[in-house]
Amino acid sequence: MTSAEAQQRLDELRAEIARHDELYHRQAKPEISDFDYDRLKRELADLEAAWPALGGDNSPSRAVGDDRTAGFKTYRHRERMMSLDNTYSAEELREFHDRLTRDLERDGLEFVVEPKIDGLAVSLTFAKGKLVRAVTRGNGVEGDDITANALTIRSLPRELKRGPDAPVPDVIEIRGEIYLTTAEFQRINRQREEEGEPVYANPRNLAAGTIKQLDAREVGQRKLEIVLYGRGYLEPVAALPETQTQFHGWVKAWGLPTVEKFWTVQGADAVLGAVQELGKLRESFAYATDGAVVKLDAVALQRRAGSTSKSPRWAMAYKFAPDRAETKLLNITVQVGRTGVLTPVAELDPVVLAGTTVARATLHNRDEIARKDIRVGDFVFVEKAGEVIPAVIGVNPARRTPACVPYVFPERCPVCGTAVVQIEGEVALRCPNLECPVQVRRRVQHFASKACLDIEGLGEAMVDVLVEKGWVRTLSDIYRLRRDELLTLGKSVEKSTDNLLAAIEASKRAELWRFINGLGIPHVGAAAAKDLARKFRGLEALATAQRDDFIQNKESVIGGIGETMADAILTFFAESRNRNVIDELVRAGVDPIVPAAGSALAGKTFVLTGTLPTLTRDDATARIEAAGGKVSGSVSKKTSYVVAGEEAGSKLEKAQTLGVPVINEAELLTMLG
Ligand SMILES: NC(=O)c1ccc[n+]([C@@H]2O[C@H](COP(=O)([O-])OP(=O)(O)OC[C@H]3O[C@@H](n4cnc5c(N)ncnc54)[C@H](O)[C@@H]3O)[C@@H](O)[C@H]2O)c1
Ligand SMILES: [Zn+2]
């Protein structure tokens, strides 16, 4: 390789890695597997080592991947948050051990082997034992302040337990990982699938995407968890633990969630033994792990070993390679979701991967298939790591036969035949036909479901029948169902038909937010629907809203409705057919209940705690009561909201344990209108 060639490859690699860093850390939407990413990183490191003259001060090999995103205040860590050097090779793990033995001139070094939790790094600051702040890693120097979102984590204590076994320092940054359990990951993905939204590829991406939502109430609807294992800044320095093993004991004594298991061992063989044991045990852990972290146990030795610009020299991540198998791609099918998104799915010759039989795998979208040139009849590599959804990562070109022709993505919806479209800025292709039977079915099912109009008797099976018969093509058709037609559905359906028609009739007077939720606007869930109902007080007003009804000077006007949601709402109603749905619903007699003006808070109970920035307690109470709400002194399950200010105390804690929504003064003022 000439110097010019090396330079060219370096430039390519640096650009490519920077792009994947952005996708992974900031957008939580990686395009390639960690394994492939780590390979690119390794190639870069090797090239940089071979060509030290070819610069690279700004190289991604020198920096920590940056997760900072718009909408959050940033906060400077008192001590930097680092990344870890990683390897997939046992041999290199040995070299790490031998290097430290040499550098520290000491035999029989002790190491701690911990699970490497595949979540999102977070730093918690406790001052005088109280949790005051949660911050993401960011660029290592400063991160996003996600305190409000972290407070939705029920297993996170607000205060460190004091006891004889663990001194509570004046100030300490405790590092750990925010994650989603496998069960919660699957629950959310199932729901997304039902709603025709793309599913998340793994729990890590979903956790990362969740913690960066701007509405803490939306975050609270996904059950995030946390585990703590590391230490940042600490004051006074005399309170430093002697070993990492001791620190784990403290974390536990303070009452914080700790890693499920760790090993304290001596020598390279024992380290590898522990890593192997972890490899077997990790399937039983509540969180996804992508490897082991091996750390020098003695804190004094850690300090002697020091760190590079990016990672400590006293620790190393050993990553487990994902399970990979080769199998034949029998077919590609295309599914249509509620919002019309077309998702290609690989139908595979069944193969065993990471302990389960895999017969289908996601192909993401048209661009992915084209980029990897995946063809029906190819032998493909399928990969699955832990809880990750199996994915086709590429083809084996050596086994391609001439009969395999390039895959042509359907230009028409496989269900209704309408020409598909691509919305600007999206990779997905959609069937734009709002009357497409699959979409109609999913939309009507959503509209009638418990979270929306809650129409009894209009379950998924019934909706299927109505759509199949052609009686329901749009939401408003529900309100035009004919008794005589329904009676043709079978014998002795008279009673159930009358019940169904009565339930449908009653739903015309449901609360406004239920209709808003029922429209199926992307990104708009129940919490947002309630905010929108309070603000717009009618379907037509919402349908004709302008951008500045949502966002002014880049600031959100309606608490809880950020830019993504505002755009989704405007795009939705820019489609004339969606606006027609509103007109038709109104014409069909739909007349949602809107809380009367001046009683915006009717039936709601508030509890105030802490000092609010501008309102006194009496002011706040008077304004809540004027709007028809009640103010109570203690938090219970019946409390609608806790309004928390500076130095909020036990009431805030109680609200969090009971799952009562917590709002700040600004959100209260928005509710008051
Ligand atoms: N697929 C992609 O496109 C893509 C892009 C960028 C990064 N990545 C992946 O992200 C990672 C790189 O990011 P990184 O800098 O966070 O490195 P890393 O994840 O390899 O290691 C550092 C992180 O490990 C975490 N960690 C988990 N358990 C730990 C424990 N017990 N002790 C200490 N730390 C622990 C910490 O949050 C720490 O920040 C790599 O795994 C890489 O594969 C993937
Ligand atoms: Zn269609």
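In case you missed it, the structure is sitting above this.
Let us look at the structure shown here. Predicted model only: the values in this text are computed from it and were never measured.

Thresholds applied
Residues numbered from 1 in each chain as written. Chains lettered and ligands numbered in written order. Predicted model: local features only at pLDDT ≥ 70, side-chain atom pairs only at ≥ 80, totals over all residues. Heavy atoms only, no water. Donors = N, O, S within 2.8 Å, 3.2 Å for Na, K, Ca; no water. Tetrahedral: all angles 85-135°; square planar, octahedral: opposite > 155°, others 65-115°. Helix = DSSP H or I, 4+ residues; strand = E, 2+ residues; numbered from the N terminus. Buried < 20%, exposed > 50% of the residue type's maximum accessible area, 1.4 Å probe, protein only. Near = heavy atom within 4 Å. Polar contact = N/O pair within 3.5 Å; in protein donor to acceptor, adjacent residues only side chain to side chain. Areas by Shrake-Rupley, 256 points an atom, 1.4 Å probe, with all protein chains shown as cover. Nonpolar A, V, L, I, M, F, W, Y, C, P; charged D, E, K, R; others polar. Domains from an automatic or database assignment. Core = buried A, V, L, I, M, F, W, Y, C linked by side-chain atoms within 4.5 Å. Contact = heavy atoms within 4.5 Å. Axes fitted to C-alpha atoms, helices over the stretch in contact; angles between N-to-C directions. Parallel < 35°, antiparallel > 145°, perpendicular 65-115°, else oblique. Left-handed = near helix turned anticlockwise from the far one by under 90°. Pairing = 2+ DSSP bridges. Phe/Tyr/Trp six-rings, centres within 6.5 Å; stacked < 30°, edge-to-face > 60°. Salt bridge = Lys/Arg side-chain N within 4 Å of Asp/Glu carboxyl O.

**Focus: the coordination of the zinc ion (ligand 2)**
Here the zinc ion (ligand 2) is held by the protein donor atoms C413 (SG), C416 (SG), C431 (SG) and C436 (SG), which lie 2.2 to 2.4 Å from it. Geometry at the zinc ion (ligand 2) is tetrahedral, judged from the four donor atoms that bind it and their angles of 99 to 116° at the metal. Along the chain, the residues that donate to the zinc ion (ligand 2) are spaced as C-x2-C-x14-C-x4-C. In this pair, C416 is assigned in the loop between β16 (391-395) and β17 (421-422) and C436 in the loop between β18 (429-430) and α12 (437-448), connecting sequence segments 20 residues apart.

**Things to note about unusual backbone geometry**
Of the consecutive residues E235 and P236, the connecting peptide bond is found in the cis state with omega at 0°. Mapping P236 onto the fold places it in the loop between β8 (224-235) and α8 (244-253). Of note in this structure, K128 is not a glycine but carries a positive phi near 50°. You can see K128 is positioned in the loop between β4 (120-127) and β5 (130-136). One non-glycine residue, R537, lies in positive phi territory at about 60°. With respect to the helices and strands, the residue R537 is situated in the loop between α17 (526-536) and α18 (539-543). Accessibility expressed as a relative area gives 29% for R537, which makes it partly exposed.

**A few points about the site of ligand 1**
Near ligand 1, the surroundings consist of 25 residues, among which I32, S83, E114, R137 and K319 are the closest. In the model, a nitrogen atom of ligand 1 is placed 2.8 Å from a nitrogen or oxygen of the E114 side chain. Within the contact set of ligand 1, an oxygen atom lies 2.9 Å away from a side-chain nitrogen or oxygen of K116. Considered on its own, ligand 1 offers 810 Å² of accessible surface; in the complex 93% of this is hidden by protein. Elements supplying a minimum of two residues to the shell around ligand 1: α1 (3-26), α2 (34-50), β3 (110-117) and β10 (289-296). Looking at the shell around ligand 1, its residues break down into 11 nonpolar, five polar and nine charged. Composition of the shell around ligand 1 by domain shows at least three residues from each of domain 1 (3-50) and domain 2 (74-319).

**Some words on the nonpolar core**
Counting 52 residues, the largest nonpolar core has Y479, L519, L532, F550, I569 and F573 as the members making the most contacts within it. Counting residues per element, the ones that place at least two in this core are α12, α13 (460-469), α15 (494-507), α16 (512-518), α17, α18, α19 (563-574) and α20 (576-587). Counting contributing residues, this core receives three or more from each of domain 4 (437-507) and domain 5 (512-587). L519 has contacts with L475, L539, F572, F573, V581, I582 and L585, leaving out every residue within four places of it along the chain.

**Regarding the packing of helix α3 (residues 90-103) against helix α9 (residues 268-281)**
Across the interface, α3 lies against α9 with an axial gap of 10 Å and an inter-helix angle of 135°. The angle between α3 and α9 places the two elements in the oblique class. In this structure, α3 crosses over α9, and the sense of that crossing is right-handed. Contact residues: α3 offers A90, L93, R94 and H97, while α9 offers A268, D269, V271, L272 and V275. For the contact of α3 with α9, the per-class residue count stands at six nonpolar, one polar and two charged.

**A few points about the sheet that holds strand β23 (residues 641-644)**
Strand order across the open sheet formed by four strands is β22-β21-β23-β24, with parallel pairing between neighbours. Each edge of the open sheet is held by one strand with a lone partner, namely β22 (630-632) and β24 (662-663). Sheet topology note: the strand β21 (residues 605-609)/β22 ladder contains three bridges and is parallel. Within the sheet, the bridge partner assigned to T605 lies in β22 and is K630.

**Section: the packing of aromatic side chains**
Per the counting criterion, the structure on display carries 12 aromatic pairs. Considering the side-chain rings of F572 and F573, the 5.0 Å spacing of their centres and the 90° angle between planes classify their relative orientation as edge-to-face. Residue F572 shares its accessibility class with F573, and that shared class is buried. Here the aromatic rings of F606 and Y641 are separated by 5.6 Å at their centres, their planes lie at 25°, and the arrangement is stacked. In this pair, F606 sits in strand β21 while Y641 sits in strand β23, placing the two residues 35 residues apart along the sequence. Here F606 falls in the buried class, since its relative accessible area comes to 0%. On the accessibility criterion, Y641 (9% relative accessible area) is buried. An aromatic cluster is present here, built from Y179, F285 and Y287 joined pairwise through their rings.

**Examining the sheet that holds β4**
Read across the open sheet, the four strands follow the order β5-β4-β7-β8; overall the sheet is antiparallel. The sheet is open, and its two borders are formed by β5 and β8, each paired with just one other strand. On average, each strand axis in the sheet is tilted by 30° relative to the strand beside it, whichever way the strands run. Note that β4 and β5 share six bridges and pair antiparallel. By the bridge assignment, T125 is partnered in β5 with R133. With respect to the sheet, helix α6 (residues 203-211) is in contact with β4, β7 (171-180) and β8, its orientation differing from that of β7 by roughly 120°. Most of the contacts of α8 go to β8, to which it runs at about 120°, and overall it touches β7 and β8.

**Focus on the pattern of salt bridges**
Between side chains of opposite charge, a pair can form as their charged atoms come close. Applying the stated rule across the entire model yields 44 salt bridges. Among the salt bridges present, the one from R324 reaches E383, with a minimum N-O distance of 2.7 Å. With R324 in strand β12 (residues 323-336) and E383 in strand β15 (residues 379-384), this residue pair connects regions lying 59 residues apart in the sequence. On the accessibility criterion, E383 (8% relative accessible area) is buried. Three or more residues joined by partner-sharing salt bridges are found here, namely D36, R39, R324 and E383.

**With respect to the environment of L658**
Checked against the element boundaries, L658 lands in helix α22 (residues 650-658). Between the C-alpha atom of L658 and that of W314, which follows or precedes it by 344 residues, the distance is 42 Å. The residues touching L658, leaving out its near neighbours within four places in the chain, are V635, S636 and K637.

Spatial relationships are all this shows, so hold off on functional conclusions.
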